[in-house]
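Structure assessment
Chain residues, written in single-letter form:
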Amino acid sequence: MPLFLKLNQLVEKIEAGSLVVLPPDYSYVPMASVFSLIKQSIKGLHIVFAPIGGLAADLLIGSGCVKSVEAGAITLGEFGVAPRFTEAVVSGSIEIKDSTCPAIHTALQAAEKGVPFMPLRGLIGSDVLKNRPDWKIIENPFVDKEDKIVLLPSIKPDIALIHAPLADQYGNIWIGKRRELLTMAHAAETTFVTVERIQNRNLLANEQSAAGTIPEIYIGGIALAETGSWPLALPGYYEEDTISLSEYANVAQTREGFDKWVQIVLKTKFDEI
Amino acid sequence: MKYNQQELLISVIADLLKGSQHVAVGMASPIPGSAALLVREETSRTDKPLRVSMIGGNANNPFTDGGRELFDCAGQGRIDTFFLGGVQIDGNANINLVGTGKYPNMVRRFAGSFGSTYMYLMVPRVIIFRPEHTKRVLVPKVDFISAPGISENGVFRNGGPYALVTQLCVMHFDRKRSRFRLTSVHPHSNIEEIKDNTGFKFDHPDLVPKTVVPNEGRLLLLRKTISKEIAKTYPKFAKDAFKDAT
């Protein structure tokens, strides 16, 4: 059974240098945990996005918490380029492992199954493949004719970090149809979750709620964090804070603007945690 | 009836969707998304209504198996049309979504390849949509190949570049010759302007046809019905794009 902890206790269990998988901005993003990582100055992280990164990536990179990042793309979406990511790649201060969305899904699926690699079509002829010495081309062993295909090594994160609308008292986590979170939890060694609410019920007790639930088998720790995906949306529950997001995209163009924005958020929203 | 630039581009893309059965629309694609929804509406009473699957939001998004389902669907051949953009596009239809300069510490870094590296080889018809028509975008050779326009023999390839739509023209890609061919010029442009602003060589007929502009029926449908539907995924776009719609 997972541990129920306070946010800072949950996040301090993430060791410096861990491989952490995070969801895309359109899913349930654990922003409160991201701010807590920054506040606790947990560094040297290798972060993987399933499959693209946004605000969480930019904040962690800008705060110097990241050693390497693997993603299909990093963008603030309609708020424009991710400024701290862009600066870090151009200056060479982080290692970028450029991937493509289905390659990350596939490598996580390999980890779900506990197999060392999985094949994926496409990719051949791209500079994405050319710059990934860890990806290999083989000939399809099941046909007589020439048929090249790429093998991707599994991605087995130390920790999947997610946010969710609801946990039950047993530590089962409701994610609805955000099933990339399920894949992440299956693939990772353990999953740390922040939730909007904790209820005295059993999500696995009926078919409807069980279908959208990550069972507690995969969950290492849970912390309560109301509006825990702020300033991003929690789809189906609350909207994104467009004012804060545009402000961020604007001020984070400079190092000073970024530092100031982060300091204000940590002080006003995360002071006592 | 007057139309604005966005409405023209939506209509142009809609015309390219003729014969498609299942169009998928990726992230941040309001104009292709509007075109797909428009054609779905126009074909709704025919025996071959267009199926449209949009990611990025809940509206018109049929997927229930997480981010991977779009790609799994494409891998099985269930999607026949998709859209891609490009920071750079070259004459062999190679697409660059990563940045300019020498990889990895590029001069200008953009978001990354997204699903292009896979989708370009898997989806039969990929429409490249990039409004900016300049030599900065349409280059002789891309600095980074996110997704290759053509493949060698022995590489499984179910799809690839079909057409390129910019704010000046439509080109189709001839996969055998690995060259673009100019097919129509938008009303406000001409072939000289297109040649002057394209960094690669392309074929063209002696007399280049003008792009067909949206008729009144289509514009009304767009403004009355499609604007509301696309607003469910792209509220900001819907507010701005049909502003002149009176």
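**So, the overall build of chain B**
What chain B contains, in helices and strands, is seven helices and twelve strands. Taken over C-alpha atoms, the radius of gyration comes to 18 Å for chain B, in line with the 18 Å a tight globule of 246 residues would show. Reported as C-alpha extents along the three principal axes, the dimensions of chain B are approximately 45 × 45 × 35 Å.

**Observations regarding the sheet that holds strand β9 (residues 136–139) of chain A**
All names here are of chain A. One open sheet holds the three strands; their spatial order is β8-β10-β9, and the pairing between them is antiparallel. Since the sheet does not close on itself, it has two edges, and those belong to β8 (117–120) and β9, each with one partner. Taken pair by pair, the neighbouring strands of this sheet meet at an average axis angle of 40 degrees, ignoring direction. Looking at chain direction, β9 and strand β10 (residues 148–153) are connected through four bridges and run antiparallel. In the strand pairing of β10, K136 is matched with L151. Across the sheet, helix α5 (residues 101–113) is in contact with β8 and β10; its angle to β8 comes to roughly 145 degrees.

**Some thoughts on the domain arrangement of chain A**
Accessible area lost upon the coming together of the parts serves often as the stated size of an interface. As assigned here, chain A comprises domain 1 (3–100 + 155–269) and domain 2 (117–153). Computed over C-alpha atoms only, the centres of domain 1 of chain A and domain 2 of chain A are separated by 31 Å.

**A look at helix α2 (residues 31–39) of chain A**
Residue and element names in this part refer to chain A. Buried residues dominate α2, accounting for eight of its nine residues. Along α2, the positions that sit buried rather than exposed are M31, A32, S33, V34, F35, S36, L37 and I38. The elements touched by buried residues of α2 are α1 (7–12), α3 (55–62), β11 (159–168), β13 (190–199) and α10 (255–269). Just past α2, the residue S41 takes up positive phi, approximately 55 degrees.

**As for the interface of chain B and chain A**
Contact residues are listed per partner, giving 37 residues for chain B and 44 residues for chain A. For the side of chain B that touches chain A, the secondary-structure elements that each account for two or more residues are α3 (69–75) and α4 (116–122) of chain B. Element by element, the count of residues in the side of chain B that touches chain A is highest for α4(B), at five residues. Residue composition of the side of chain B that touches chain A, grouped by class: 18 nonpolar, 15 polar and four charged.

**Remarks on the sheet that holds strand β9 (residues 138–139) of chain B**
Residues and elements named next belong to chain B. The three strands lie next to each other as β5-β4-β9, forming an open sheet whose pairing is mixed. In the strand order of this sheet, the two ends are held by β5 (95–96) and β9, each with one partner. Bridge count for strand β4 (residues 88–90) against β9 is two bridges, and the pairing is parallel. Directly across from D90, in β9, lies its bridge partner V139.

Conventions and cut-offs
Residues numbered from 1 in each chain as written. Chains lettered and ligands numbered in written order. Predicted model: local features only at pLDDT ≥ 70, side-chain atom pairs only at ≥ 80, totals over all residues. Helix = DSSP H or I, 4+ residues; strand = E, 2+ residues; numbered from the N terminus. Rg over C-alpha atoms; globule rule 2.2 N^0.38 Å. Pairing = 2+ DSSP bridges. Axes fitted to C-alpha atoms, helices over the stretch in contact; angles between N-to-C directions. Contact = placed C-beta atoms within 7 Å. Domains from an automatic or database assignment. Buried ≥ 20, exposed ≤ 12 C-beta atoms within 10 Å, placed from the backbone. Nonpolar A, V, L, I, M, F, W, Y, C, P; charged D, E, K, R; others polar.

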